[in-house]
Amino acid sequence: MAARKKELFAKRRTRVRNRLKKFARGRLRLSVHRSNLHIAAQVIDDEKGVTLASASSRDKSLELERGSNVGAAAKVGAAIAERAKEAGVSECYFDRGGFLYHGRVRALAEAAREGGLRF
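> Even after reading the chapter, I still don't get the pattern of salt bridges, so can you show me in this structure?
Close approach of charged atoms allows side chains with opposite charge to pair. According to the stated counting rule, one finds eight salt bridges in the structure shown. Of the charged contacts in the structure, one is a salt bridge between R106 and E110, with a shortest N-O distance of 2.9 Å. On the criterion of helical spacing, the pair formed by R106 and E110 is a turn pair, its members being four residues apart in helix 3 (residues 104-114). It is possible to trace a salt-bridge network through shared partners that takes in R17, R29, D46 and D95.

> Looking at this model, I keep getting lost on the sheet that holds strand 3 (residues 50-56). Mind explaining?
Two orientations exist for strands paired in a sheet by backbone hydrogen bonds: parallel and antiparallel. Spatially, 3-2-1-4 is the arrangement adopted by the four strands of the open sheet, whose pairing is mixed. With one partner strand each, in any of the chains shown, strand 3 and strand 4 (92-95) form the two edges of the open sheet. The average undirected angle you get between the axes of adjacent strands in this sheet is 20°. Where strand 1 (residues 28-34) lies against strand 4, four bridges are found, and the strand directions are parallel.

> Would you mind going over the nonpolar core with me for this structure?
Looking at soluble globular proteins, one finds that nonpolar side chains tend to be buried together. Among the nonpolar cores identified, the biggest contains 25 residues, and L30, V43, I80, F94, L108 and L117 are the most heavily contacted of them. At the level of elements, strand 1, strand 2 (39-45), strand 3, helix 2 (70-86), strand 4 and helix 3 are the ones that each hand at least two residues to this core. At six residues, the largest contribution of residues to this core is made by helix 2.

> Mind showing me how you'd approach the side chain of D45 here?
As for its position among the elements, D45 is in strand 2. Although D45 lies buried, it forms no salt bridge, and the closest oppositely charged side chain, K48, sits 4.3 Å away as judged by the N-O distance.

Cut-offs used in this document
- Residues numbered from 1 in each chain as written.
- Predicted model: local features only at pLDDT ≥ 70, side-chain atom pairs only at ≥ 80, totals over all residues.
- Heavy atoms only, no water.
- Salt bridge = Lys/Arg side-chain N within 4 Å of Asp/Glu carboxyl O.
- Helix = DSSP H or I, 4+ residues; strand = E, 2+ residues; numbered from the N terminus.
- Pairing = 2+ DSSP bridges.
- Axes fitted to C-alpha atoms, helices over the stretch in contact; angles between N-to-C directions.
- Core = buried A, V, L, I, M, F, W, Y, C linked by side-chain atoms within 4.5 Å.
- Buried < 20%, exposed > 50% of the residue type's maximum accessible area, 1.4 Å probe, protein only.
- Lys, Arg positive; Asp, Glu negative; His and termini not counted.

Structure follows, in structure tokens:
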């Protein structure tokens with residue numbers, strides 16, 4: 001069961017990423033990783049292989065009690081938008097990986113949009 005679940009996740013992640021790369025046109029990628037305990041986001045330049053900005057629910061600067069809820073995800077989204085602006089990034093595309101656009105992933109994306117990132 002667990003092996004099949006991992007296979008399906010990897011297949012979904014590959015499908016999403018390959019489809020997004022068709023429309024990337026040199027834009028940067030906002031990648032999201034969600035675990036049971038934390039959520040993290042990175043703005044990545046795939047051409048150079050460099051991470052320009054990152055934020056995580058593990059960051060001490062966000063002062064979160066728990067990192068596994070929608071409120072924490074929204075704070076991470078606002079933080080990644082702010083850090084991306086400092087790095088000079090205003091537009092990127094949203095790579096949800098194999099995660100469904102629902103709950104914490106959606107809260108992060110909406111907070112990043114409100115923070116000024118366009119995707």
